[in-house]
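Working through the structure, step by step
Here are the chains, one letter per residue:
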Amino acid sequence: MTRTPHLQPARRRLRPILLGLGVVVGVAVGFGLFRKYGGRARDASSFAMFGETKTTVEHLTSADATAVFGAVTLDLREAQIDEEATVDCFALFGGIDVLVPKRWRLALSGTPIFGGVEDKTSQDEPLPAEAPVLLVNAVAMFGGVAVANEPGDATLRAKGRQGLSQPRRGE
């Protein structure tokens with residue numbers, strides 16, 4: 001086996017970076033699996049790693065959504081909540097879209113770390129005081145969590161795909 005001495009310093013510099021990335025991904029996967037299979041009882045739980053998943057719910061009190069290098073869509077537009085429900089979201093290098101009906105109030109709190117948490121909902125008219133409340137707690141690390149009323153409003157992915165499929169001018 002021939003050694004290449006000029007590559008040895010580069011390998012030494014990459015080793016801690018790869019080790020750190022492996023630890024971050026391992027912790028995130030463990031965190032997501034614990035939220036899906038352990039912990040407290042939930043009405044719905046979605047976990048996506050290097051892929052995409054979509055979950056719908058009929059009656060909601062609490063739910064989890066975790067995306068690690070993937071995408072989760074939690075569709076609550078047909079769900080019913082009594083007075084209040086909670087959704088906990090965790091996105092690491094991924095994205096989570098929470099779709100809610102216009103008849104709900106939204107309380108969004110988030111911790112974005114080189115990521116984003118965004119409320120893209122809209123109301124046509126003021127909601128009554130007895131309208132149900134959805135509490136969304138989000139953590140986004142190098143990823144994003146968006147709450148919207150319609151799928152096209154939630155992410156830029158849909159807009160990007162539309163833009164790519166349209167022919168350029170002059171073609």
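Residues numbered from 1 in each chain as written. Predicted model: local features only at pLDDT ≥ 70, side-chain atom pairs only at ≥ 80, totals over all residues. Heavy atoms only, no water.

**Re the overall build of the protein**
- Counting its secondary structure elements, the protein contains three helices and 10 strands.
- Tracing the protein from N to C terminus, the helices and strands come up as α-β-β-β-β-β-β-β-β-β-β-α-α.
- With 171 residues in all, the protein has 33% of them scored as buried.
- Within the protein, contacts between residues separated by at least 24 positions form 62% of all contacts whose residues are at least 6 apart in sequence.
- For the protein, the accessible area works out to roughly 10,600 Å², and carbon and sulfur atoms hold 57% of it. (Helix = DSSP H or I, 4+ residues; strand = E, 2+ residues; numbered from the N terminus. Buried < 20%, exposed > 50% of the residue type's maximum accessible area, 1.4 Å probe, protein only. Contact = heavy atoms within 4.5 Å. Areas by Shrake-Rupley, 256 points an atom, 1.4 Å probe, with all protein chains shown as cover.)

**Considerations on the nonpolar core**
- In terms of nonpolar packing, the biggest core is built from 25 residues, with Leu 60, Leu 76, Val 87, Cys 89, Ile 96, Trp 104 and Leu 134 touching the most fellow members.
- Among the secondary structure elements, those contributing two or more residues to this core are strand E3 (62–68), strand E4 (71–75), strand E5 (84–92), strand E6 (95–99), strand E9 (133–141) and strand E10 (144–148). (Core = buried A, V, L, I, M, F, W, Y, C linked by side-chain atoms within 4.5 Å.)

**A short note on the packing of aromatic side chains**
- Enumeration according to the criterion identifies three aromatic pairs in this entry.
- Aromatic pair Phe 93 and Phe 142: ring centres 4.9 Å apart, planes at 5 degrees, arrangement stacked. Of this pair, Phe 93 sits in the loop between E5 and E6 while Phe 142 sits in the loop between E9 and E10; the two residues are 49 residues apart in sequence, bridging distant segments of the chain.
- Judged by relative accessible area, Phe 142 falls into the partly exposed class, the value being 42%. (Phe/Tyr/Trp six-rings, centres within 6.5 Å; stacked < 30°, edge-to-face > 60°.)

**Observations regarding the sheet that holds E10**
- Taken in spatial order, the five strands make up an open sheet running E2-E4-E6-E10-E8, and their pairing is parallel. Edge positions in the sheet fall to strand E2 (52–56) and strand E8 (116–120), since each has one partner strand and no second. Within the sheet, the average angular offset between the axes of one strand and its neighbour, ignoring direction, is 10 degrees.
- When E8 meets E10, the two strands line up parallel, connected through five bridges. From the neighbouring strand, Asp 119 faces E10, where its bridge partner is Val 147. (Pairing = 2+ DSSP bridges. Axes fitted to C-alpha atoms, helices over the stretch in contact; angles between N-to-C directions.)

**Quick word on unusual backbone geometry**
- Even without a glycine there, the phi angle at Phe 69 is positive, about 55 degrees.
- Tracing the backbone through its elements, the reader meets Phe 69 in the loop between E3 and E4.
- Among the residues examined, Phe 69 registers a relative accessible area of 26% and is labelled partly exposed.
- The phi angle at Phe 114 is positive, at roughly 55 degrees, despite the residue not being glycine.
- Structurally, Phe 114 can be placed in the loop between strand E7 (105–113) and E8.
- Classification of Phe 114 as exposed rests on a relative accessible area of 70%.

**As for the environment of Asn 149**
- By the secondary structure assignment, Asn 149 is in the loop between E10 and helix H2 (151–154).
- In this structure the C-alpha to C-alpha distance between Asn 149 and Val 100, which are 49 residues apart in sequence, comes to 5.1 Å.
- Reaching out from Asn 149, the side chain makes a polar contact with the backbone nitrogen of Ser 122 at a distance of 2.7 Å. (Polar contact = N/O pair within 3.5 Å; in protein donor to acceptor, adjacent residues only side chain to side chain.)

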